[in-house]
Amino acid sequence: MSAKALVASLAHPSELVAIVKYLSLPTPPPPKNVSPTYTLCYKFLNDTSRSFARVIQELDSELRHAVCIFYLVLRGLDTVEDDMTLPLKRKVDVLQHFHEYLYQRGWNFTESGESEKDRHLLVGFDAVIDEFLTLSPRCQEVIADITKRMGHGMAEFAELESPNPKHLISVTTVDQYNLYTHYVAGLVGIGLTQLFAASGLEADSLDTPHGLYLANRMGQFLQKVNILKDWLEDLRDGRVFWPREVWGKYVKEVEEFLEEKNRDKAVQCLNELIVDALELVPDCLEYMSLLTNRSVIRFCAIPQMMAIATLATFFNSERVFTHTGTKIRRGLAVKLILNSDNLSSIQATFRQYALAINRLNHQRVNPAKKGLVFQGKEAGGFLAVSRVCAEVLRKCDQKSLVRADSGFVDGNSSGGNVVIIVALVAVAIAVAAAGKYA
Ligand code: CA
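Anyway, here's the lowdown on the structure attached to this text.

The rules behind each value
- Residues numbered from 1 in each chain as written.
- Predicted model: local features only at pLDDT ≥ 70, side-chain atom pairs only at ≥ 80, totals over all residues.
- Heavy atoms only, no water.
- Phe/Tyr/Trp six-rings, centres within 6.5 Å; stacked < 30°, edge-to-face > 60°.
- Salt bridge = Lys/Arg side-chain N within 4 Å of Asp/Glu carboxyl O.
- Helix = DSSP H or I, 4+ residues; strand = E, 2+ residues; numbered from the N terminus.
- Buried < 20%, exposed > 50% of the residue type's maximum accessible area, 1.4 Å probe, protein only.
- Donors = N, O, S within 2.8 Å, 3.2 Å for Na, K, Ca; no water.
- Contact = heavy atoms within 4.5 Å.
- Core = buried A, V, L, I, M, F, W, Y, C linked by side-chain atoms within 4.5 Å.

## Digging into the packing of aromatic side chains
Link 1 in the chain: As enumerated under the stated definition, the model contains 18 aromatic pairs in all.
Link 2 in the chain: Taken together through their ring pairs, the aromatic side chains of Phe98, Tyr101, Trp107, Phe109 and Phe125 make up a single cluster.

In structure tokens form, the structure reads like this:
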């Protein structure tokens, strides 16, 4: 924890308390009597991911190693996908065959660009393969299957012809946007769900079409938030993941969002895509309500909570178009981590951020401030945000489906939020109508 993180939380005493609490928690002890390749894999894990390393290591032991190896395999695949120094033909070939390399002892990859930050993972990939081959046949099958599907999906997008030669990747339609996020993240949710069930920590009933559907949506939610947040960084790398079908309604070329005079349009486009991401949240909440193992719940909830907190930070903000690498305060992240233990505090966090986004939505179209100019597209945007926030709140208030034996308390089923939802929708309609006839 850096001093900078502490300073950033100075004005938020509850975050400072959370930081102190978090720092005093014991870190999980490293397992004893393990092979050198096992140790190396956890070194790779800690090197490649700050955020996931800890939650993976806090998983119950039945699941921990399979998820660690799954993570490293996909991280390797992603390093190939992101490497813009590889010739396209070679890249596509490696992506499409990556699942086969998992069964080839000794395979490694040394062709990554020198500046690829996870290059060393691929150079030492034979250790990951050795550990992959120690997993149960079912876990191997799940990991290899997801790797195959993801690798083919990434290859498909790498080969897409971009209408603008400056862009190496350019997503055109909303369908493509949904498909890409399915390939690179929805599939992770699906594979994890299958590993949860295979480990016996979660019921087999999770690994059914409905459970996998929800898992896919959960992965897509995380990926969409990243795609929204990283717009500027991706653009600089020549990658445009925001679908042209959406931004094309606001500007001719996506670079126009960089210009000061187009900031309003840029922010409206961002808000539209935030609504699209928020549509996934009720299914994410439903997925988490199906889980029973405490370590699995935390593992799933932490990134989800960070994602909705991030959306609340970026909603209606120009920051996405002017700054790269903005993150939620570390102190806030820690506070969220400490609140991820049970379904009712997870639901409370989602409720809090849905209300925060809704509040920003009202401020944004405050008729007094805007001189009652509020019509057409803007009114539609306002209603869309109100509606999706109400959907999230409604889901937060559903009685949790947690089993009695898991020791979690039911989510409070207060009628208070029903009143809030009704009020939200009523106000939304009234404001929109006022705008129309102003
Ligand atoms: Ca990537």
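Moving on from the coordinates now.
## Brief notes about the pattern of salt bridges
Link 1 in the chain: By the definition in use, this model includes 27 salt bridges.
Link 2 in the chain: Across the salt bridge formed by arginine 387 and glutamate 279, the nearest N and O atoms sit 3.2 Å from each other. Of this pair, arginine 387 sits in helix α21 (residues 376–397) while glutamate 279 sits in the loop between α14 (263–278) and α15 (281–290); the two residues are 108 residues apart in sequence, bridging distant segments of the chain.
Link 3 in the chain: By relative accessible area, which is 41% here, arginine 387 ends up partly exposed.

## Quick look at the coordination of the calcium ion
Link 1 in the chain: Asp78 (OD), Glu81 (OE) and Asp82 (OD) make up the full set of protein donors to the calcium ion, lying at 2.2 to 2.4 Å.
Link 2 in the chain: For the calcium ion, the single-chain donor residues occur in sequence as D-x2-E-D. You can see aspartate 78 and its partner aspartate 82 sitting in helix α5 (residues 61–82), four residues apart, about one turn around the helix.
Link 3 in the chain: Look at aspartate 78 and you get partly exposed, because its relative accessible area is 26%.

## A short note on the environment of leucine 235
Link 1 in the chain: Its location among the elements puts leucine 235 in helix α12 (residues 231–236).
Link 2 in the chain: Residues leucine 235 and lysine 166 lie 69 residues apart in sequence; the distance between their C-alpha atoms is 9.5 Å.
Link 3 in the chain: When near neighbours in sequence (up to four residues on either side) are disregarded, leucine 235 contacts His167, Val240, Val254, Glu255 and Leu258.

## Some words on the nonpolar core
A general tendency of soluble globular proteins is for nonpolar side chains to be buried together.
Link 1 in the chain: In this structure, Phe98, Phe125, Phe221, Trp242 and Phe257 are the most contacted members of the largest nonpolar core, which totals 132 residues.
Link 2 in the chain: Examining the composition of this core, we find that 14 residues originate from one element, helix α16 (residues 294–314), more than from any other.
Link 3 in the chain: Residues contacting phenylalanine 98, with those up to four places away along its chain left out, are Val73, Gly76, Leu77, Val80, Trp107, Leu122, Phe125 and Thr147.

## As for α15
Link 1 in the chain: Buried residues dominate α15, accounting for eight of its 10 residues.
Link 2 in the chain: What α15 keeps buried is the set Val281, Pro282, Asp283, Cys284, Leu285, Tyr287, Met288 and Ser289.

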